Amino acid sequence: MADNFYGEVLTDHNLHPQHKHELDCATCSQHGVNPSCGDDIVLNLEVRNGIIENGSFTGSGCAISQASADIMLDLIIGKTPEEAEHYKELFMKMISGGITDEELEELEEASALQSISKMPARVKCAALGWRTLETLLNFKEVKNEDINKG
Amino acid sequence: MMNKELLSKQNFPVFDAYPGLAYLDNSATQQKPRQVIEAVNRYYCEENANPLRGLYELSVKATDAYEGARTAVKGFIGAKSEKEIIFTRNASESLNLIAYSWGRENIKADDEILVAVSEHHSDLLPWQILAKQKGAVIRYLECSQSGEYTAQALRKALTPKTKLFAVAQISNVFGRLNPIKEFTDICHENKTVIVCDGAQSVPHIPVDVQELGVDFLAFSAHKMLGPMGMGVLYGKEELLEKMPPFLSGGEMIEYVTREGATYAELPHKFEAGTVNAGGAVGLKAAIDYINELGFEAIERREDELTKLAFEGMKKIPYVNIIGADDPHDHHGILTFTIEGVHPHDIAAVFDSENIAIRAGHHCAQPLHQFLGVQSTARMSLAFYNDEKDIERFVSVLGSVRRKMGYGG
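As a starting point, this report considers the structure included with it.

The rules behind the values
- Residues numbered from 1 in each chain as written.
- Chains lettered and ligands numbered in written order.
- Predicted model: local features only at pLDDT ≥ 70, side-chain atom pairs only at ≥ 80, totals over all residues.
- Heavy atoms only, no water.
- Helix = DSSP H or I, 4+ residues; strand = E, 2+ residues; numbered from the N terminus.
- Contact = heavy atoms within 4.5 Å.
- Areas by Shrake-Rupley, 256 points an atom, 1.4 Å probe, with all protein chains shown as cover.
- Lys, Arg positive; Asp, Glu negative; His and termini not counted.
- Charge placed at Lys NZ, Arg CZ, Asp CG, Glu CD.
- Buried area = accessible area lost by both parts, 1.4 Å probe.
- Salt bridge = Lys/Arg side-chain N within 4 Å of Asp/Glu carboxyl O.
- Polar contact = N/O pair within 3.5 Å; in protein donor to acceptor, adjacent residues only side chain to side chain.
- Phe/Tyr/Trp six-rings, centres within 6.5 Å; stacked < 30°, edge-to-face > 60°.
- Buried < 20%, exposed > 50% of the residue type's maximum accessible area, 1.4 Å probe, protein only.
- Pairing = 2+ DSSP bridges.
- Axes fitted to C-alpha atoms, helices over the stretch in contact; angles between N-to-C directions.
- Patch = residues over 30% accessible without salt bridge, like charges linked within 9 Å, V, L, I, M, F, W, Y side chains within 5 Å.

Some remarks on the overall build of chain B
No. 1: Looking only at helices and strands, chain B has 16 helices and 15 strands in total.
No. 2: In terms of its C-alpha atoms, chain B occupies a principal-axis envelope of roughly 75 × 55 × 35 Å.
No. 3: Pairs at least 24 residues apart make up 70% of the contacts formed inside chain B by residues separated by at least 6 positions.
No. 4: Carbon and sulfur atoms make up 50% of the accessible area of chain B, which amounts to about 16,800 Å² in all.
No. 5: Distance from the positive charge centre (42 side chains) to the negative charge centre (54 side chains) of chain B: 4 Å.

Laid out in structure tokens, this is it:
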């Protein structure tokens, strides 16, 4: 049985997402799905001169998948791909239940999803945005060369 | 035991372990009464040996237990003979058996297989694969938005090339009862074989295969109080007789040489390897339980609870029930959406209140595409649920939108 983990942070990001829109200036986009539950997003980033200048997502899915993607974008916009990778690792650590208090603080609002670690069935919902980000950036490449197609 | 006791949750030990659980996912699998668990236990404690094999007393006992279950199934669905009852792992395996064995012999290039659009993936994928292998064509029988299929639509959909029609007696999404007897008559006029998925009907209404006239019927023990890993395929003897074996191995042969084999008689031709005797015994105990209770009592109780849930749901704004507008047409299955809330979030809110419901596409993705929704939530009840379960369900349903951050 789960505690009610639908706190205000989560429901607010789900109902009023800041980053859920198209992104015309995107330099790269990536589709991510959870086939078993139908969560389906497209993540768009504008990466210029080694900085994630802007980002957005579109799609549909449960509150956890949508809110988590929105919170993720709050965290990574304005950061370097390396910093984004670091957040991704912290987030994955958090939802698998092995994070320290200091690390949790770094995740800011994303820490509201910590209780997902007790809901194995929902971990993939929370992770969808982050896994899509991982695929999109293919971190090693981005670190070495600028993506500047747009 | 009195009917009232048989209807009670108290016979189901899982509720001793989870006393506060409102279990409303019965279409996925039902809980098991003590009588079934004890029968399986007794088999392994007192009668276990490899059935159909050993020439000693215990093996004879095991064989009797296993074959006794077959006789019970025969009586339960009104088959003509034990030869028409094949034991499988579940309804999915039963349907696959038909596709592989009957299908490979009888489906040819350009033949058509007609499938009801609301079918469970188990009654769709075997036909899709078969059609691909044979160069045959899959066509769909469409239903109304509320899940109704008409005889007229079936007549129109059948062509001289339609070799098989696959349809559930009760859809696992709509809960609506399809007029199978009428469909059978129409199919047979067209020389089309009819396969009926009884997974959601056999546990809830009396099913008589001779009355329905269907060529094949598939169902699972675990959806009708019985153990998992046990399923049934009913087939008309004249069809089964001509079909090649599905799996090969021990117990399905008559005589084997270096070059080949002759196969065992029905039904053992289709039961390769060591069988699930414990499962068969459990299935028989489940049938005994249902027979003692009687379908009249089961239907009355489930209808009563469905009505209570349906009426409660209707009063809540933003809740949309999929299917018929009459609770009597739902047979304990109420699939729904809540405006603005994803079904997985709905199920999670229910889980936080110790109520088990299902969310997703219920293994019926083509149907969800047809309905224009990605996924739905579903509550499905059984006779051992009670008014309190339903009242809690309705009350939590009314709180979902607020918990998801909607005002008012």
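More follows now that the structure is in view.
A few points about the interface of chain B and chain A
No. 1: Facing the 14 residues of chain B at the interface are 21 residues of chain A.
No. 2: Between chain B and chain A the total buried area reaches about 1,400 Å² when both faces are included, carbon and sulfur atoms providing 54% of it.
No. 3: Across the contact surface, chain B and chain A share one salt bridge.
No. 4: Here Arg-122 of chain A ties to Asp-345 of chain B by a salt bridge, and the two come within 3.0 Å at their closest N and O atoms.
No. 5: At the boundary of chain B and chain A, one finds five residue pairs in polar contact (both at pLDDT 80 or more).

Points about the packing of aromatic side chains
All names here are of chain B.
No. 1: Under the criterion given, the structure shown has 14 aromatic pairs over all chains.
No. 2: With 5.8 Å between their ring centres and 45 degrees between their planes, Tyr-100 and Phe-246 make a pair best called tilted. Of this pair, Tyr-100 sits in helix 5 (residues 91-106) while Phe-246 sits in the loop between helix 10 (237-242) and strand 9 (253-256); the two residues are 146 residues apart in sequence, bridging distant segments of the chain.
No. 3: Using a relative accessible area of 31% as the deciding quantity, one classes Tyr-100 as partly exposed.

Observations regarding the sheet that holds strand 3 (residues 51-60) of chain A
All names here are of chain A.
No. 1: The three strands are arranged 1-2-3 in an open sheet whose pairing can be described as antiparallel. In this open sheet, the two edge strands, each paired with only one partner strand, are strand 1 (28-34) and strand 3. Going across the sheet, the axis of each strand differs from the next one's by a mean of 20 degrees, ignoring polarity.
No. 2: Taken together, the nine bridges between strand 2 (residues 39-48) and strand 3 define a ladder with antiparallel strand orientation. Note on strand 3: the bridge partner recorded for Leu-45 is Gly-55.
No. 3: The strands that helix 5 (residues 123-137) touches are strand 1, strand 2 and strand 3; relative to strand 2, the one it contacts most, it runs at about 40 degrees.

Quick notes on the pairing of strand 2 (residues 85-88) of chain B
Residues and elements named next belong to chain B.
No. 1: Along strand 2, one buried face is formed by Ile-85 and Phe-87 and the opposite face, lined by Ile-86 and Thr-88, is buried too.
No. 2: Taken together, the four bridges between strand 2 and strand 8 (residues 231-235) define a ladder with antiparallel strand orientation. The residue bridging Ile-85 from the neighbouring strand is Tyr-234, located in strand 8.

Describing a negative patch on the surface
No. 1: Residues Glu-8, Asp-12, Asp-74, Glu-108 and Glu-109 of chain A make up a contiguous surface patch of negative charge.
No. 2: Along the chain, Asp-74 of chain A turns up in helix 2 (residues 63-76).

Let's talk about the pairing of strand 15 (residues 376-380) of chain B
Regular strands place side chains that alternate from one sheet face to the opposite one.
All names here are of chain B.
No. 1: Burial analysis of strand 15 places five of its five residues in the buried class, the great majority of the element.
No. 2: Alternating positions in strand 15 separate into two faces, Thr-376, Arg-378 and Ser-380 on one and Ala-377 and Met-379 on the other, with burial throughout.
No. 3: Direction of pairing for strand 12 (residues 333-338) relative to strand 15: antiparallel, over a ladder of four bridges. Looking across to strand 15, one finds that Phe-336 is bridged to Ala-377.

Some thoughts on the pattern of salt bridges
No. 1: A full pass over the atoms with the stated rule returns 25 salt bridges over all chains.
No. 2: For Arg-139 of chain B, the salt bridge identified is with Glu-112 of chain B, shortest N-O distance 2.9 Å. Taken as a pair, Arg-139 of chain B in strand 4 (residues 137-141) and Glu-112 of chain B in strand 3 (residues 112-116) lie far apart in primary sequence, 27 residues in all.
No. 3: The class for Arg-139 of chain B is partly exposed, based on a relative accessible area of 30%.
No. 4: Counted as one network, the salt bridges with shared partners bring together Lys-88, Arg-131 and Glu-134 of chain A.

A short note on unusual backbone geometry
All names here are of chain B.
No. 1: In this structure, Pro-267 follows Leu-266 across a cis peptide bond, with omega equal to 0 degrees.
No. 2: If you trace the backbone, Pro-267 turns up in the loop between strand 10 (261-263) and helix 11 (277-293).
No. 3: We note that Tyr-318 has phi near 75 degrees; this positive angle belongs to a residue other than glycine.
No. 4: As for its placement among the helices and strands, Tyr-318 is situated in the loop between helix 12 (295-314) and strand 11 (319-322).

What to know about the sheet that holds strand 2 of chain B
All names here are of chain B.
No. 1: Here we have seven strands laid out as an open sheet, ordered 2-8-7-6-5-3-4, and mixed in their pairing. Each edge of the sheet is formed by a strand with only one pairing partner; in this case those strands are strand 2 and strand 4. Here the strands of the sheet are splayed against their neighbours by 20 degrees on average, with no regard to which way each runs.
No. 2: Direction of pairing for strand 3 relative to strand 5 (residues 162-168): parallel, over a ladder of four bridges. Residue pairing in the sheet places Val-115 in a bridge with Ala-166 of strand 5.
No. 3: On top of the sheet, helix 6 (residues 125-134) reaches strand 3, strand 4, strand 5 and strand 6 (193-197); it is set at about 145 degrees to strand 4, its chief contact.

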